[in-house]
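# Structural features, examined
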4 protein chains.
Amino acid sequence: MPLELEPITAPGRAFVERAEALVPTLRERAAKADREGRFPHENVASLREAGLLGALVPEELGGLGVTSVHDWGVALARLGRGEGSTAIAINMHLGTSRALVQRWHAARASGDTAGAEAAAGPLRAIAAGQLVICATATEPGTDFLRPNTTATPVEGEEGTVRLDGRKIFVTLSPAAQLFAMNVRVPTEDGDRIAFAFVPASAPGLEPQDDWDALGMRSSGSQSFRLDGVRVPASSLQIAGAWGEWSPGLLMGRTLANQTLLGAFLGIAEHAAELARHAANTQTKPKAQGPIANLPGVQHRVGELEITLAGCRAALATAGRALDERLEQAGGQPLSLEEAHAAMADYQAAKWIVNQGAIEVVSMAMDVAGGGAFMSGNPLSRLYRDVRAGPFMQPYTPTEAREYVGQVALGRSPKG
Amino acid sequence: MPLELEPITAPGRAFVERAEALVPTLRERAAKADREGRFPHENVASLREAGLLGALVPEELGGLGVTSVHDWGVALARLGRGEGSTAIAINMHLGTSRALVQRWHAARASGDTAGAEAAAGPLRAIAAGQLVICATATEPGTDFLRPNTTATPVEGEEGTVRLDGRKIFVTLSPAAQLFAMNVRVPTEDGDRIAFAFVPASAPGLEPQDDWDALGMRSSGSQSFRLDGVRVPASSLQIAGAWGEWSPGLLMGRTLANQTLLGAFLGIAEHAAELARHAANTQTKPKAQGPIANLPGVQHRVGELEITLAGCRAALATAGRALDERLEQAGGQPLSLEEAHAAMADYQAAKWIVNQGAIEVVSMAMDVAGGGAFMSGNPLSRLYRDVRAGPFMQPYTPTEAREYVGQVALGRSPKG
Amino acid sequence: MPLELEPITAPGRAFVERAEALVPTLRERAAKADREGRFPHENVASLREAGLLGALVPEELGGLGVTSVHDWGVALARLGRGEGSTAIAINMHLGTSRALVQRWHAARASGDTAGAEAAAGPLRAIAAGQLVICATATEPGTDFLRPNTTATPVEGEEGTVRLDGRKIFVTLSPAAQLFAMNVRVPTEDGDRIAFAFVPASAPGLEPQDDWDALGMRSSGSQSFRLDGVRVPASSLQIAGAWGEWSPGLLMGRTLANQTLLGAFLGIAEHAAELARHAANTQTKPKAQGPIANLPGVQHRVGELEITLAGCRAALATAGRALDERLEQAGGQPLSLEEAHAAMADYQAAKWIVNQGAIEVVSMAMDVAGGGAFMSGNPLSRLYRDVRAGPFMQPYTPTEAREYVGQVALGRSPKG
Amino acid sequence: MPLELEPITAPGRAFVERAEALVPTLRERAAKADREGRFPHENVASLREAGLLGALVPEELGGLGVTSVHDWGVALARLGRGEGSTAIAINMHLGTSRALVQRWHAARASGDTAGAEAAAGPLRAIAAGQLVICATATEPGTDFLRPNTTATPVEGEEGTVRLDGRKIFVTLSPAAQLFAMNVRVPTEDGDRIAFAFVPASAPGLEPQDDWDALGMRSSGSQSFRLDGVRVPASSLQIAGAWGEWSPGLLMGRTLANQTLLGAFLGIAEHAAELARHAANTQTKPKAQGPIANLPGVQHRVGELEITLAGCRAALATAGRALDERLEQAGGQPLSLEEAHAAMADYQAAKWIVNQGAIEVVSMAMDVAGGGAFMSGNPLSRLYRDVRAGPFMQPYTPTEAREYVGQVALGRSPKG
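Residues numbered from 1 in each chain as written. Chains lettered and ligands numbered in written order. Predicted model: local features only at pLDDT ≥ 70, side-chain atom pairs only at ≥ 80, totals over all residues. Heavy atoms only, no water.

Our focus in this paragraph is the overall build of chain A. A count of helical and extended segments in chain A gives 11 helices and 10 strands. A compact globule built from 415 residues should have a C-alpha radius of gyration of about 22 Å, and chain A, at 22 Å, falls within 12% of that. Long-range contacts, defined as pairs at least 24 residues apart, comprise 75% of the intrachain contacts of chain A with a sequence gap of at least 6. Accessible surface for chain A amounts to roughly 14,100 Å². Of this, 50% is attributable to carbon and sulfur atoms. Seen as two clouds, the 38 positive and the 45 negative side-chain charges of chain A have centres 5 Å apart. (Helix = DSSP H or I, 4+ residues; strand = E, 2+ residues; numbered from the N terminus. Rg over C-alpha atoms; globule rule 2.2 N^0.38 Å. Contact = heavy atoms within 4.5 Å. Areas by Shrake-Rupley, 256 points an atom, 1.4 Å probe, with all protein chains shown as cover. Lys, Arg positive; Asp, Glu negative; His and termini not counted. Charge placed at Lys NZ, Arg CZ, Asp CG, Glu CD.)

Okay, here's the thing in structure tokens:
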């Protein structure tokens with residue numbers, strides 16, 4: 001249990017405590033949802049009741065007002081102790097809500113009352129538990145910077161574009177009323193990358209109900225086809241050139257994804273808890289009591305705890321670093337170099353947490369013994385869930401070291 | 001593909017080639033058997049047709065006459081490339097058949113014609129594909145040296161004992177006609193550990209049909225209750241004091257289990273193959289072709305291949321070492337120290353192969369990308385199957401380092 | 001450079017900045033001092049001039065008033081970027097000065113004016129750069145809790161005890177005016193462990209001038225013989241039973257040693273800096289410019305930076321955790337369980353930093369190439385210096401996992 | 001001691017036994033030679049007396065007739081147990097002698113009596129202990145395939161070229177009568193890579209006496225300047241295009257360097273031996289006898305032994321694989337693909353042995369405790385010597401994974 005994480009701000013403490021209170025409920029529901037591969041709408045209801053859908057919404061708009069990325073990550077870890085699927089699912093919503101908050105602040109800072117109100121509306125709805133937003137950024141055969149879901153003007157419908165393409169791993173989608181997604185916008189000056197917002201009810205937005213995965217089975221991560229989905233051209237938020245990092249895109253990705261690591265830390269923490277429990281309750285003749293008496297069990301638990309401590313430290317330090325960076329920026333945009341540095345911080349933490357959490361779960365299984373291999377044992381689910389971590393974008397283990405190396409060597413990574 | 005393993009004896013080559021020929025068939029059946037958690041009797045039929053049930057039976061008794069542990073392990077790896085469950089299942093049978101061969105040789109060497117024939121009978125049946133034997137050595141809450149399944153004399157039935165207890169992880173059991181198991185035999189001079197042989201049809205031997213696990217789902221590893229199972233007292237083969245290693249027990253465990261590592265190597269080799277295929281066929285814009293163009297993919301594949309090469313080297317070297325040790329012994333029993341040295345060789349290989357195979361599968365998933373997380377992708381099954389390795393007895397990761405350390409330090413481990 | 005550490009308090013910032021300012025000077029002197037295996041008194045002079053000898057002394061007594069363990073560790077890392085030997089040497093002094101500060105606070109809190117002044121005196125001298133104290137806790141063939149340097153009453157000299165024994169690895173000793181050490185005090189109720197304070201000039205305290213080591217060659221870590229060293233019996237501070245952890249001993253060891261990790265982090269940071277420089281300045285034909293162009297170099301640098309980030313995160317998080325723990329305690333003693341939890345935090349960080357720093361230096365050598373193997377290249381010194389980490393007490397890699405495992409499993413470690 | 005390596009051929013056995021017999025002598029001399037950084041000519045004399053200079057020379061030419069790469073590697077490991085510097089130094093000579101043997105066989109096979117005799121002469125001299133050859137292939141700022149030491153025709157001296165350039169890490173050079181080196185030969189059809197042979201006495205071949213390194217200090221690895229060294233143009237052996245791998249260059253590099261791994265394995269084996277000895281002889285109160293009683297020591301030794309077993313297995317399996325490959329080729333050249341496969345085998349083994357040996361030495365230091373950090377303790381030398389491994393060409397850790405990945409993915413690496 002070395003280096004356990006605690007929140008550092010008052011709103012963060014509320015977030016963490018409420019998340020922690022949900023752990024028993026989430027655990028209770030986890031096995032069934034996993035077995036059925038079903039999205040547990042009841043978990044979203046519980047999060048709503050706990051006021052967590054609006055965790056990042058400012059207090060004056062009805063939310064908890066959490067601003068610390070550190071605390072957000074810690075709260076995710078608490079939810080992850082309950083169930084990984086729900087933790088990653090809700091983070092998709094939280095990340096998008098945070099982006100809205102940023103827009104609200106920016107509009108207010110620049111005296112743009114209309115813009116502020118345009119953001120305040122959905123934020124109030126989020127805080128009231130009436131709006132769940134889901135962000136989707138993944139497509140088959142390409143990467144975030146190079147989406148192939150394309151916005152093309154509709155002939156004869158001035159000011160309207162149609163979106164066509166495919167999105168995969170759309171976590172949380174069964175519960176969402178609104179989808180935020182990256183799209184490709186051809187222009188005369190080259191392609192642009194933009195964010196589009198599509199209501200769940202939009203004609204042509206077709207959920208595929210095809211989520212059947214190794215783990216995170218109740219995360220609702222189905223794929224979607226977009227077949228002529230109409231949105232107003234003016235609603236597209238241009239974010240930069242297609243295929244190129246900009247400070248905004250980098251920070252957006254970092255802010256939306258860094259806290260996801262908490263979910264995997266939480267899974268590992270749950271596994272560690274199960275391992276300790278197993279060690280203190282299982283007996284063997286040669287242990288003359290609980291197997292926790294055996295030096296070999298003590299060693300494996302020690303190894304597990306050290307690895308877990310490393311994950312905690314990485315998540316916490318990356319959270320504080322991002323908090324600090326944002327505070328120093330004071331709402332001003334960062335340079336490309338600073339944004340890459342922020343992403344590199346996240347990537348270092350991501351590698352440590354994703355790999356470490358997998359190891360922790362595996363070591364917990366060693367401690368718990370053969371029973372951990374049975375489908376009915378939660379450790380066997382955690383082993384499946386935790387493996388989702390390295391797949392999370394950006395970056396995967398085939399990309400992260402090169403990215404971090406390039407940043408450290410003073411280069412500006414291209415993808 | 002560095003350091004690929006090949007057989008080193010002629011019978012071994014036959015074993016390996018026939019195993020290799022079964023790979024496509026085993027792969028074809030694997031997904032369905034895994035999904036249904038069903039024992040694939042058709043795989044046993046295929047092994048029978050290929051003459052592999054009698055792989056270790058001497059040629060003069062109708063078998064392939066494989067004697068090399070190295071080659072046996074390599075053949076297991078080929079089967080493991082097909083399907084892990086079938087590979088570990090058949091190894092339970094092969095290990096027991098090898099013990100019978102040893103008894104046959106010993107009886108012949110000592111001029112014990114009756115004893116030789118007693119072993120030859122089942123060996124001929126094995127070679128003819130009429131007999132499948134399953135060894136079971138695991139019970140809940142104790143270890144191999146301290147079984148609690150107890151043989152007690154039946155009052156009024158002179159020469160008969162009853163067996164009562166419970167066995168778990170009885171891999172291959174749905175196909176077995178005969179079960180070999182370790183039992184506890186109370187005597188006036190203290191408890192003994194003995195091997196008992198129980199026909200599948202014996203009253204009181206009750207399969208529990210309770211195998212529902214994370215992986216190796218088609219290995220038929222259900223548990224059994226023994227409730228007053230009658231066997232002749234004379235059929236018990238006393239192997240030593242309960243709770244203590246003897247050279248015979250050590251060598252028996254090493255010989256029966258070392259080649260199991262092949263199954264896990266084979267799983268890793270299959271994963272590596274899938275990773276290479278994915279790298280050469282998946283495309284991404286930034287790769288300007290297959291993702292194998294990306295340095296990051298090349299690095300991860302290289303890392304994977306180096307880890308895999310280490311697994312291969314460990315299995316091969318441990319196989320050769322055991323071949324050599326047995327040849328030098330020339331049929332004579334080894335000392336306790338030599339037997340511990342043999343077990344330590346196996347344990348070193350076990351750690352390297354079990355941990356390495358898990359890493360290889362995980363790295364293969366990194367290379368193959370998010371699709372590898374889907375239930376329909378074989379890599380997601382391999383990830384589940386490969387995790388069975390460290391649970392295999394003896395020893396698990398909570399025990400192995402201490403064991404090896406004690407042997408290296410000149411101590412005689414107690415458990 | 002991910003997750004770079006910065007101080008979090010104002011006095012800490014002063015400490016860190018002054019330490020950072022010394023880096024060029026320390027580096028400049030390092031090679032010669034290493035080659036000669038000589039203690040660089042000029043470095044102590046520089047630290048004195050920079051006001052760092054009194055870094056932990058309260059401002060009202062003339063010091064910098066640093067109280068944050070986090071910041072202390074960060075400052076050590078900055079010194080470690082300069083030279084590891086000097087960083088660990090000065091930490092021996094800082095740790096002892098902190099213990100004195102604690103005594104000063106405790107005395108003031110309890111209204112013990114005389115006790116407060118007894119501590120204030122040396123603290124003022126420390127802040128004035130007139131007193132360097134060196135703590136020594138290691139003896140051959142035993143451990144910290146079981147010192148064999150024994151305090152025995154001197155017959156005919158009422159109130160005087162003599163100390164006899166041997167202390168090894170007495171880092172900083174050539175510069176110290178005072179030595180603090182753990183000793184064994186036989187009593188009627190069993191042996192006690194106590195701290196004794198011995199002036200450098202005390203007859204019978206014999207430096208052996210025998211420091212000739214692989215690394216940390218300019219740390220002055222010679223051994224001492226104590227041959228009838230006289231000290232007043234009343235000056236011995238009894239700390240608990242010989243051979244048993246008490247909360248005070250645990251916290252004392254944790255506070256004195258945790259920040260040492262900073263020195264090893266600093267060494268690793270220096271190595272990383274040299275690696276980046278080498279990558280950006282060395283050229284090779286196949287790189288068509290600096291080798292930083294090569295994907296393999298980028299990968300290795302990325303791997304190095306991720307490992308380094310993990311070390312930083314561990315040190316920072318452990319520092320903050322200890323700060324938090326001390327603040328919560330508010331000067332009150334911790335329970336044995338809390339003190340073990342604090343030690344376990346430190347141990348987790350120690351494992352990560354010590355092992356990680358070794359790996360970072362080794363990877364830096366990979367990047368820098370064969371030149372890094374030459375004696376004149378600073379990396380070859382860092383490789384030697386960084387290996388001192390795991391030897392630092394408590395605990396070494398043969399003990400740490402067992403310790404952490406026992407604490408995590410709710411047991412109270414005995415040694 | 002799991003998976004200890006033994007020779008598999010009769011000449012190999014002789015080589016290994018004679019090498020093993022030298023271990024005490026080599027150890028005895030090691031500390032002094034290391035401290036002085038002096039080349040120990042007395043070790044070459046001992047090797048000569050033991051007949052090991054001609055280990056690879058055919059028996060009919062007076063040598064031991066070793067042909068097995070496996071056994072050669074095992075013998076190197078035995079020498080490495082004695083002293084690493086001498087092991088790597090002699091391997092430079094052995095590798096070159098093996099190339100000569102290959103030429104002798106090829107000439108005989110093609111009926112080229114003169115060519116055969118041209119090779120037989122130096123081979124007889126080698127077997128008689130009268131000739132030591134040193135191969136050098138490294139230059140600053142470039143790689144093996146792109147040497148900048150250039151052969152240019154000497155105006156007015158028909159048939160003579162001059163060599164100008166610089167060679168570094170010329171191990172064994174103080175003992176060599178002849179130097180083999182790769183050079184660049186400009187031609188009308190582009191640059192060629194060729195091997196040149198230069199007598200130690202050649203004017204313009206200038207040893208720099210500049211070997212002062214972290215480890216391998218008695219390996220005589222000084223650098224050389226070549227300033228107008230004259231050699232007959234006809235003596236240059238063209239090996240392919242400058243900057244491109246050919247099968248011959250690949251196999252030459254693999255054959256010359258693979259066995260070097262033995263030296264690093266031997267160093268690790270020596271360290272393991274010292275660790276076991278320390279564990280069984282050092283005592284501590286809490287161990288109630290030797291520290292080998294402590295579970296933590298047993299665990300660390302077990303971990304060490306497993307890592308060491310992995311190194312042994314990798315070296316042995318790579319040796320057997322190369323033996324097998326050469327036997328199958330039957331003296332015929334391999335295809336480029338086969339030659340890359342052979343190199344990839346070697347690279348996998350190299351990574352495992354180089355990294356593993358470093359870890360083994362470090363873990364041995366953990367077991368032996370603080371004394372291992374003292375200059376007088378052989379472990380502190382082994383820690384320095386063993387770090388040379390990853391620098392050995394081809395390939396270093398910044399290159400090897402990419403290389404292996406490319407080969408595994410069916411690509412033909414370019415450098």
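Across the boundary between the two partners, chain D contributes 49 residues, which contact 49 residues of chain C. Summing both sides of the interface, chain D and chain C together bury roughly 4,200 Å²; the carbon and sulfur share of this comes to 59%. Taken together, chain D and chain C are joined by six salt bridges. A salt bridge links K286 of chain C to E399 of chain D, with the shortest nitrogen-to-oxygen separation between them at 3.2 Å. Inspection of the region where chain D meets chain C yields 15 residue pairs in polar contact (both at pLDDT 80 or more). Where the side of chain D that touches chain C is concerned, the elements lending two or more residues are β9 (283–284), α8 (295–329), α9 (336–368), α10 (378–386) and α11 (400–408) of chain D. The dominant element in the side of chain D that touches chain C, judged by the number of residues it contributes, is α9 of chain D, at six residues. Partitioned by chemical class, the residues of the side of chain D that touches chain C number 20 nonpolar, 14 polar and 15 charged. (Buried area = accessible area lost by both parts, 1.4 Å probe. Salt bridge = Lys/Arg side-chain N within 4 Å of Asp/Glu carboxyl O. Polar contact = N/O pair within 3.5 Å; in protein donor to acceptor, adjacent residues only side chain to side chain. Nonpolar A, V, L, I, M, F, W, Y, C, P; charged D, E, K, R; others polar.)

Attention now goes to helix α3 (residues 69–82) of chain B. All names here are of chain B. For α3, which comprises 14 residues, the first-to-last C-alpha distance of 20 Å matches the rise-based estimate of 20 Å (1.5 Å per residue) to within 8%. Judged by how many residues are buried, α3 sits mostly within the fold: 14 of 14 residues are covered. For α3, the capping residue at the N-terminal end is S68, with a side-chain oxygen 3.2 Å from the backbone nitrogen of H70. (Expected span 1.5 Å × (residues − 1). Buried < 20%, exposed > 50% of the residue type's maximum accessible area, 1.4 Å probe, protein only.)

What follows is about the relation of the copies chain D and chain C. Rotating chain D by 180° and translating it 0.0 Å along the rotation axis places it on chain C, where the RMSD comes to 0.0 Å. What we have between these two chains is a two-fold relation. Looking at the rotation axis and the C-alpha trace of chain D, the residue lying nearest is R384 of chain D, at 3.8 Å. Interface residue correspondence from chain D to chain C reaches 100%, placing this contact among same-surface, isologous pairings. (Least-squares fit on C-alpha atoms with pLDDT ≥ 70 in both.)

One copy of the chain maps onto the second through a rotation about an axis and a displacement along it. After a rotation of 180° and a shift along the axis of 0.0 Å, chain B superposes on chain A with an RMSD of 0.0 Å. The fraction of interface residues of chain B whose copies in chain A are also interface residues reaches 100%, indicating that both copies meet through the same surface.

Turning our eyes to something else, we now look at the interface of chain B and chain A. With 49 residues of chain B at the interface, the matching set in chain A holds 49 residues. Summed over both partners, the interface of chain B with chain A comes to about 4,200 Å²; 60% of that surface belongs to carbon and sulfur atoms. Applying the counting criterion to the chain B and chain A interface returns six salt bridges. Between R401 of chain B and E303 of chain A there is a salt bridge, with the nearest N and O atoms lying 2.5 Å from each other. One can count 15 residue pairs in polar contact (both at pLDDT 80 or more) joining chain B with chain A.

Okay, the packing of aromatic side chains next. A complete count under the given rule lists 27 aromatic pairs over all chains for this structure. Taking 5.9 Å as the distance between ring centres and 80° as the angle between the ring planes, the aromatic pair formed by F169 of chain C and W211 of chain C counts as edge-to-face. With a gap of 42 residues between them, F169 of chain C in the loop between β3 (160–167) and β4 (178–185) and W211 of chain C in the loop between β6 (205–207) and β7 (224–232) connect regions that are remote in the sequence. The class of F169 of chain C is partly exposed, set by a relative accessible area of 28%. Its relative accessible area of 13% is what places W211 of chain C among the buried residues. Here a set of aromatic residues connected by ring pairs shows up, and it is made of F169, W211 and F391 of chain A together with F373 of chain B. Against the face of W242 of chain A rests R184 of chain A, its NZ or CZ located 3.7 Å from the ring centre. The ring of F391 of chain B has R387 of chain B lying over it, and the distance from NZ or CZ to the ring centre is 4.8 Å. (Phe/Tyr/Trp six-rings, centres within 6.5 Å; stacked < 30°, edge-to-face > 60°. Lys NZ or Arg CZ within 6 Å of the ring centre and 35° of its normal.)

Let us now look at unusual backbone geometry. For residues other than glycine, phi is negative in most cases, and the peptide bonds are mostly trans. Omega for the bond connecting P394 of chain C with Y395 of chain C falls within 30 degrees of zero, at -10°, which places this linkage in the cis form. Among the structural elements, Y395 of chain C can be located in the loop between α10 (378–386) and α11 (400–408). Notably, F169 of chain B is not glycine yet its phi reads approximately 55°, a positive angle. Look at Q288 of chain C: it is not a glycine, yet its phi comes out positive at around 45°. Structurally, the position occupied by Q288 of chain C is in the loop between β9 (283–284) and β10 (289–290). For Q288 of chain C, a relative accessible area of 75% translates into the label exposed.

As a further point, take the packing of helix α4 (residues 84–109) of chain B against helix α7 (residues 260–281) of chain B. When two helices pack together, their arrangement is given by the angle between the helix axes and the distance between those axes. Residue and element names in this part refer to chain B. Between α4 and α7, the least distance of the axes is 9 Å, while the angle of their chain directions is 170°. Classified by the angle their axes make, α4 and α7 are roughly antiparallel. Residues G84, A87, I88, N91 and M92 of α4 form the contact with α7, whose participating residues are L260, A263, F264 and I267. Looking at the contact of α4 with α7, its residues break down into seven nonpolar, two polar and no charged. (Axes fitted to C-alpha atoms, helices over the stretch in contact; angles between N-to-C directions. Parallel < 35°, antiparallel > 145°, perpendicular 65-115°, else oblique.)

As a further point, take the pattern of salt bridges. Residue and element names in this part refer to chain C. Overall, the coordinates contain 115 salt bridges over all chains when judged by the stated rule. As a salt-bridge pair, R312 and E4 come within 3.9 Å of each other at their nearest N and O atoms. Of the two residues, R312 is situated in helix α8 (residues 295–329) and E4 in the segment before α1 (10–36); the sequence distance between them amounts to 308 residues. Accessibility expressed as a relative area gives 2% for R312, which makes it buried.

Our next topic: the nonpolar core. Counting 530 residues, the largest nonpolar core has F264 of chain A, F264 of chain B, F264 of chain C together with F264 of chain D as the members making the most contacts within it. Contact partners of F264 of chain C, with chain neighbours within four places excluded, come to I88, M216, V353, N354, A357, D385, V386, A388, G389 and M392 of chain C. V57, V101, W104 and A120 of chain C belong to the second largest nonpolar core, which has 15 residues in total. (Core = buried A, V, L, I, M, F, W, Y, C linked by side-chain atoms within 4.5 Å.)

With their axes 11 Å apart at the nearest point, α10 of chain C and α10 of chain D run at an angle of 135° to one another. If you check the angle between α10 of chain C and α10 of chain D, you find them oblique. When the axes of α10 of chain C and α10 of chain D are compared, the crossing they make is right-handed. Along its contact with α10 of chain C, which presents Y383, R384 and V386 of chain C, the element α10 of chain D presents Y383, R384 and V386 of chain D. (Left-handed = near helix turned anticlockwise from the far one by under 90°.)

Considering all chains together, one arrives at zero disulfides over all chains under this definition. Considering cysteine sulfurs only, C311 of chain D is the nearest to C311 of chain B, which forms no disulfide, with 14 Å between them. (Disulfide = S-S within 2.5 Å.)

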